[in-house]
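The lines below spell out each chain.
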Amino acid sequence: MPMAQKLQRIVVADQAALATTAAERLLARIGTNAWRIAICLTGGSSPKQLYQLLASDAYAKQIPWDRVHWFIGDERFVPASDPLNNMAMARKIFLDRFAPKDRIHPIPTDVADPDESAQAYERELKSFYGADDLDPVRPLFDLVLMGVGPDGHTASLFPDYPALAETKHWVAGVPQAHVEPFVPRVTLTLPALASCREMLFEVAGQEKRAILDKLSKDESLPANRARSLGETVFLVDQAAAGG
Ligand code: 6PG
């Protein structure tokens, strides 16, 4: 049976509460699946505290590291050793300390260009999923983490960019970014991101207030078009929520 779609906003006090709530949701999500688990991480600054928490004793010991596969929703097309690389950030903060190497699935950036990288990652995702077509009753990911950029982008799906309209491919190359850092990107597409039990946006800080306000009025922005086939949660701190 297809999952029921649900959208909710949860407002918490501050960034620390946001990280704790996200970590608890991640553990709860893991707890609903006794088999292989797929988590799609995100880049940017918002998830850093969550990643630090996952590296702490209290959380790390609760994660069945052998069963969890870690993917990334978008990547800056820079070498894996570059501090701008999204997966490198997650690896440095927690993955390399706990996750077996073959459970970490970075988007390759040591290939000719973002399109080649997108094709390679799409092949990897399809091989992990075991099919070329996404079945709504069998989501690709248990959990997809997301952030929201100042222009309403999410992953590397920027407003009015062709990747946003992609319906067939799971991953797309983005030759130029709309915001800093201005490096080419590789991004999962809306259908691939939607194929999850839960999509969890983390939105923190006063500088996010304007875009949150805009999102409540402009349905066409990418962060409004990225929705799970199951549950979508906007986890927002007071500073971003305002009011
Ligand atoms: C990236 C991201 C991007 C990010 C948003 C929010 O590569 O930059 O994946 O989509 O999530 O831009 O970024 P902050 O968390 O830094 O505000």
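Look above for the structure.
Numbers given for residues are sequential positions, taken from 1 along each chain in its written order. Totals for whole chains, interfaces and linings use every residue, but because this is a predicted model, local features are given only for residues with pLDDT of at least 70 and side-chain atom pairs only at 80 or more, for both listing and counting. Only hydrogens and water are set aside when side-chain values are computed; all heavy atoms of the structure are taken into account.

### Description of the site of the ligand
- A cutoff of 4 Å decides nearness: a residue is near a molecule or strand if any of its heavy atoms lies inside that distance of it. In the vicinity of the ligand, 16 residues are found, and the nearest of them are Ser45, Ser46, Asp74, Ala155 and Lys208.
- Between Gly43 and the ligand, the recorded distance is 3.5 Å, taken from a backbone N or O atom to an oxygen atom.
- Counted as a polar contact is a pair of N or O atoms within 3.5 Å, where, for protein atoms, one must be capable of donating a hydrogen and the other of accepting one, and residues adjacent in sequence contribute only when both atoms are in side chains. A distance of 3.5 Å separates an oxygen atom of the ligand from a polar atom in the side chain of Arg185.
- Calculation of accessible area relied on Shrake-Rupley with a 1.4 Å probe; when residues are assessed, cover is drawn exclusively from the protein chains displayed. When isolated, the ligand has an accessible area of 410 Å², and the protein chains bury 89% of it.

### Quick notes on the environment of Tyr161
- Going along the chain from the N terminus, every DSSP run of H or I of four or more residues is numbered as a helix, and every run of E of two or more is numbered as a strand. Structurally, Tyr161 is set in the loop between strand S5 (141–146) and strand S6 (171–174).
- The spacing of Tyr161 and Gln176 is 15 residues in sequence and 9.7 Å in space, taken between C-alpha atoms.
- Residues are treated as being in contact if the distance between any of their heavy atoms lies within 4.5 Å. Dropping the residues within four chain positions of it, Tyr161 is found in contact with Val174, Gln176, Ala177 and His178.
- A polar atom in the side chain of Tyr161 sits 3.5 Å from the backbone oxygen of Gln176.

### Structural notes on helix H5 (residues 114–129)
- Here, expected helix span is obtained from the residue count minus one, scaled by 1.5 Å. Given a rise of 1.5 Å per residue, 16 residues ought to cover 22 Å, and the 22 Å separating the end C-alpha atoms of H5 matches this to within 8%.
- Per-residue accessibility, obtained with a 1.4 Å probe over protein chains only, is compared with the maximum for each type, and a residue is labelled buried under 20%, exposed over 50%, and partly exposed between these values. For H5, the complete set of buried residues consists of Pro114, Ser117, Ala118, Ala120, Tyr121, Glu122, Leu125, Lys126, Phe128 and Tyr129.
- Buried residues in H5 make contact with strand S2 (37–41), strand S3 (68–72), S5, S6 and strand S7 (185–188).
- Where H5 terminates, the next one or two residues include Gly130, which has phi positive at roughly 85 degrees.

### Digging into the environment of Ala226
- As for its position among the elements, Ala226 is in the loop between helix H8 (222–225) and strand S9 (231–237).
- Using a relative accessible area of 1% as the deciding quantity, one classes Ala226 as buried.
- Separated by 32 residues in sequence, Ala226 and Ala194 place their C-alpha atoms 6.6 Å apart.
- Filtering out sequence-adjacent residues up to four positions away, Ala226 remains in contact with Met146, Thr154, Leu190, Met199 and Phe201.

### Brief notes about the nonpolar core
- Core analysis: the biggest nonpolar cluster contains 79 residues, and Leu41, Trp70, Phe94 and Phe141 have the highest contact counts within it.
- Among residues more than four places away in sequence, those in contact with Phe94 are Leu41, Tyr51, Leu54, Ala55, Trp65 and Trp70. Working definition of a nonpolar core: buried Ala, Val, Leu, Ile, Met, Phe, Trp, Tyr and Cys residues. They are joined through side-chain atoms within 4.5 Å.

### Brief notes about helix H1 (residues 15–31)
- Its 17 residues place the ends of H1 24 Å apart at the C-alpha level, agreeing with the 24 Å of an ideal helix rising 1.5 Å per residue.
- For H1, the complete set of buried residues consists of Leu18, Ala19, Ala22, Ala23, Arg25, Leu26, Leu27, Arg29 and Ile30.

### Describing the pattern of salt bridges
- A pairing counts as a salt bridge when a side-chain nitrogen of Lys or Arg comes within 4 Å of a carboxyl oxygen of Asp or Glu. In the structure shown here, the tally under the stated rule is 10 salt bridges.
- Arg25 is the partner of Glu198 in a salt bridge, and the nearest nitrogen-oxygen pair spans 2.7 Å. In this pair, Glu198 is assigned in strand S8 (residues 196–203) and Arg25 in helix H1, connecting sequence segments 173 residues apart.
- Between Asp213 and Lys217 there is a salt bridge, and its shortest N-O distance comes to 3.0 Å.
- Overall, Asp213 belongs to the partly exposed group, its relative accessible area being 42%.
- Here the salt bridges do not stand alone but share partners, grouping Lys6, Arg25, Arg29, Glu198 and Glu231 into one network.

On their own, these measurements won't tell you what the molecule is for.
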